[in-house]
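One-letter residues, chain by chain:
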Amino acid sequence: MSTPTYTRTSKLVFRGALVAMFAICLYMPYAFFGVLPVFTLSNDYAAEEDAKLEERKVDAPARAEISDADLIGPDKIFSSVEELAQAKQDFIWCRFCHTVEPGSVHRIGPNLNGIIGRRVGSKEKYFYTASFRKAADDGKIWTEEALDDFLARPKELYPGNRMRYDPVEDAGKRARIIKYLKAYAQ
Amino acid sequence: MSEMPVPGTHASSHAAARDSALGWLLFIVACNILYIATQIPETAVGSPGREVVDKMHVSWGITALVLVVVRLYFWWRSPPLAPDPNMPGWCWGLAKDMSLAFYAGILIEGVVGPMRAWGEGYEVAAFGFALPALFPPIYEVRVVGGYFHSAVSFFVLAILPVGVAGALVASWRSKVPFYRLFPV
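Cut-off values and rules
- Residues numbered from 1 in each chain as written.
- Chains lettered and ligands numbered in written order.
- Predicted model: local features only at pLDDT ≥ 70, side-chain atom pairs only at ≥ 80, totals over all residues.
- Helix = DSSP H or I, 4+ residues; strand = E, 2+ residues; numbered from the N terminus.
- Buried ≥ 20, exposed ≤ 12 C-beta atoms within 10 Å, placed from the backbone.
- Contact = placed C-beta atoms within 7 Å.
- Rg over C-alpha atoms; globule rule 2.2 N^0.38 Å.
- pLDDT = per-residue confidence, 0-100.
- Nonpolar A, V, L, I, M, F, W, Y, C, P; charged D, E, K, R; others polar.
- Core = buried A, V, L, I, M, F, W, Y, C linked by C-beta atoms within 7 Å.
- Axes fitted to C-alpha atoms, helices over the stretch in contact; angles between N-to-C directions.
- Parallel < 35°, antiparallel > 145°, perpendicular 65-115°, else oblique.
- Left-handed = near helix turned anticlockwise from the far one by under 90°.
- Expected span 1.5 Å × (residues − 1).

J.: Would you explain the overall build of chain B in this entry?
T.: Counting its regular elements, chain B contains four helices and two strands. For chain B, the N- to C-terminal ordering of α and β elements is α-α-α-β-β-α. Across its three principal axes, chain B shows a C-alpha extent of roughly 55 × 35 × 25 Å. Taking all 184 residues of chain B together, the buried fraction comes to 38%. Pairs at least 24 apart in sequence give 71% of the contacts found in chain B among residues at least 6 apart.

J.: What exactly am I supposed to notice about the overall build of chain A here?
T.: Counting its regular elements, chain A contains seven helices and zero strands. Starting at the N terminus, the α and β elements of chain A follow one another as α-α-α-α-α-α-α. Against the globule reference of 16 Å for 186 residues, chain A gives a C-alpha radius of gyration of 22 Å, more extended than a compact globule. The dimensions of chain A, computed from C-alpha atoms along their principal axes, are 90 × 40 × 30 Å. Counting every position in chain A, which comprises 186 residues, the buried fraction comes to 27%. Partitioning the contacts of chain A with sequence separation of at least 6, the portion at a separation of at least 24 is 55%.

J.: Explain the confidence of the model for chain B to me, please; I cannot follow it from the model alone.
T.: Low pLDDT means the predicted coordinates in that region are not meant to be read closely. Predicted confidence across chain B gives a mean pLDDT of 86, with 91% of residues reaching 70 or more. The complex prediction reports pTM at 0.81, with the ipTM value standing at 0.85.

J.: Would you explain the interface of chain A and chain B in this entry?
T.: As a measure of interface size, the accessible area lost when the parts come together is often cited. Between chain A and chain B, the residue contacts involve 27 residues of the former and 28 residues of the latter. Split by residue class, the side of chain A that touches chain B holds 19 nonpolar, four polar and four charged.

J.: I keep staring at unusual backbone geometry and nothing clicks. Help me out?
T.: Backbone geometry follows two general trends: most residues other than glycine have a negative phi, and most peptide bonds adopt the trans configuration. Between Phe182 of chain B and Pro183 of chain B the backbone carries a cis peptide bond, its omega angle lying at -10°. On the secondary structure map, Pro183 of chain B appears in the segment after helix 4 (139–174). Positive phi outside glycine occurs at Lys125 of chain A, with the angle close to 75°. Position of Lys125 of chain A relative to the elements: it lies in the loop between helix 3 (81–91) and helix 4 (130–137). Residue classification places Lys125 of chain A among the partly exposed residues on the basis of 17 C-beta atoms within 10 Å. Phi at Phe127 of chain B is positive, roughly 50°, even though this residue is not glycine. Inspection of the secondary structure puts Phe127 of chain B in the loop between strand 1 (124–126) and strand 2 (129–131). Of the residues examined, Phe127 of chain B has 11 C-beta atoms within 10 Å and is grouped as exposed.

J.: Please clarify how the nonpolar core should be interpreted in this entry.
T.: It is characteristic of soluble globular proteins that their nonpolar side chains tend to be buried jointly. Grouped together as the largest cluster of nonpolar side chains are 41 residues, with contacts concentrated most on Ala95 and Ile106 of chain B. Listing elements by their share of this core, those giving two or more residues are helix 1 (8–33) of chain A together with helix 1 (13–39), helix 2 (48–77), helix 3 (89–120) and helix 4 of chain B. Take this core: its biggest share by element is 14 residues, from helix 3 of chain B. The contacts of Ile106 of chain B, once residues within four sequence positions are left out, are Leu26, Ala30, Ala64, Val68 and Val156 of chain B. Counting 25 residues, the second-largest nonpolar core is a separate cluster that includes Ala135, Ala136, Leu151 and Tyr180 of chain A.

J.: Whenever I open this one, the packing of helix 1 of chain A against helix 3 of chain B confuses me. Can you help?
T.: What describes two packed helices is the angle between their axes and the distance between those same axes. Between helix 1 of chain A and helix 3 of chain B, whose axes approach to 10 Å, the crossing angle comes to 25°. Viewed along their axes, helix 1 of chain A and helix 3 of chain B adopt a mutual orientation that is roughly parallel. Note on packing geometry: the crossing formed by helix 1 of chain A with helix 3 of chain B is right-handed. For the pair helix 1 of chain A and helix 3 of chain B, contact is made by Ser10, Lys11, Phe14, Arg15 and Leu18 of chain A and by Gly89, Trp90, Gly93, Leu94, Asp97 and Ala101 of chain B, respectively. Among the residues making up the contact of helix 1 of chain A with helix 3 of chain B, the classes are represented as five nonpolar, three polar and three charged.

J.: I tried to follow the packing of helix 2 of chain B against helix 3 of chain B on my own but got confused; where do I start?
T.: Residues and elements named next belong to chain B. Their axes nearest at 9 Å, the elements helix 2 and helix 3 cross at an angle of 135°. The pairing of helix 2 with helix 3 is recorded here as oblique in orientation. Pair helix 2 / helix 3 crosses with left-handed handedness. Of helix 3, the residues touching helix 2 (which contributes Val58, Gly61, Ala64, Leu65, Val68, Arg71 and Leu72) are Tyr103, Ile106, Leu107, Glu109, Gly110, Gly113 and Ala117. Of the residues assigned to the contact of helix 2 with helix 3, the class counts are nine nonpolar, three polar and two charged.

J.: For this particular structure, what's the right way to read helix 3 of chain B?
T.: The periodicity of an α-helix, 3.6 residues per turn, causes residues three or four places apart in sequence to face the same way. Residues and elements named next belong to chain B. With 32 residues, helix 3 should reach 46 Å at 1.5 Å per residue; the first-to-last C-alpha distance of 46 Å fits that figure. The element helix 3 is extensively covered by neighbouring structure, given that 24 of its 32 residues are classed as buried. Just downstream of helix 3, Gly121 is the residue with a positive phi angle, here 90°.

J.: Honestly, helix 1 of chain B in this entry has me stumped. Any pointers?
T.: Taking 1.5 Å per residue, 27 residues should reach 39 Å; helix 1 of chain B reaches 39 Å between its end C-alpha atoms and fits that length. Buried residues along helix 1 of chain B sit in contact with helix 2, helix 3 and helix 4 of chain B.

J.: Quick question: what am I supposed to make of the environment of Arg71 of chain B here?
T.: Residues and elements named next belong to chain B. Structurally, Arg71 can be placed in helix 2. For the pair formed by Arg71 and Tyr103, sequence separation is 32 residues and the distance between their alpha carbons is 8.1 Å. In this structure Arg71 touches Leu22, Gly23, Leu26 and Tyr103, once residues within four positions along its chain are discounted.

Spelled out as structure tokens, the structure:
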């Protein structure tokens, strides 16, 4: 009885298929999650925007120093406990890709601490897509209105951006997410 | 009395049983990790559920790393594989290549995973026993490590069904039991 042999052709086919499979898998994290294995060593606007954020914080207490109760009231960010609870719930899936705490890491998306009033695409080391880099060069600012517009139509406003979630169609939900960012990302 | 070679597996019945058990243990652990990984996007960051999923992912990941290091040690040190003479050469070759790719994928995951975690400042612990961090949080390591950890997990995810399918075909062609053909 002859010993079976693993022919050169079979080896080439199987090992070639394995290499091809691996090459396809290298693309998958980008295809599914919009993540890239790259970072920038510097951002032209980060230092300037970080300094502005520090100035804004002079009048605003750090998040750790205020309780949820301080955020609720007639002249405060949230009108009721229920609205605050709903805002937390609305933002919960944003947290999959974004952190909001000061100095926290970028996840798939950039850290959003101090985003309101900050220049678009200006976080240090985060690798922005071309449309965000152009907006940064154009001096666009994340105002509450700009954020609302972006959450409503992210692909139209910044084509090619890597945010994989669907547009937030509910205006009330968009407003609560923005309030959350105001309250928790200062 | 010396042990007889077992066709379709390794040079001795003892080694065959050991390697087969290790391979199947790894297969089960890998399936478990992949299932846990699918639960990560289903649980919100900061929620108690997410913390449990993260801890289980890391714990089973380290378990897989230990198992694969042992399996690859025996792969390297064991006598050469002895294919069943009735089996077409390509079947045995496919079984070996798929298994080795599977083990290599698990090994890479086990090395890159902790690097990615330490890069982000996460604790790497297996069932409560924490490993000392080898370096402080480094964003660049976290970004590159995270991407490749994800990419290789897709590769392992692809290898498992392809390996099982290849083994089923080989088993049908050679009459060698399926469980001896993937992982080998």
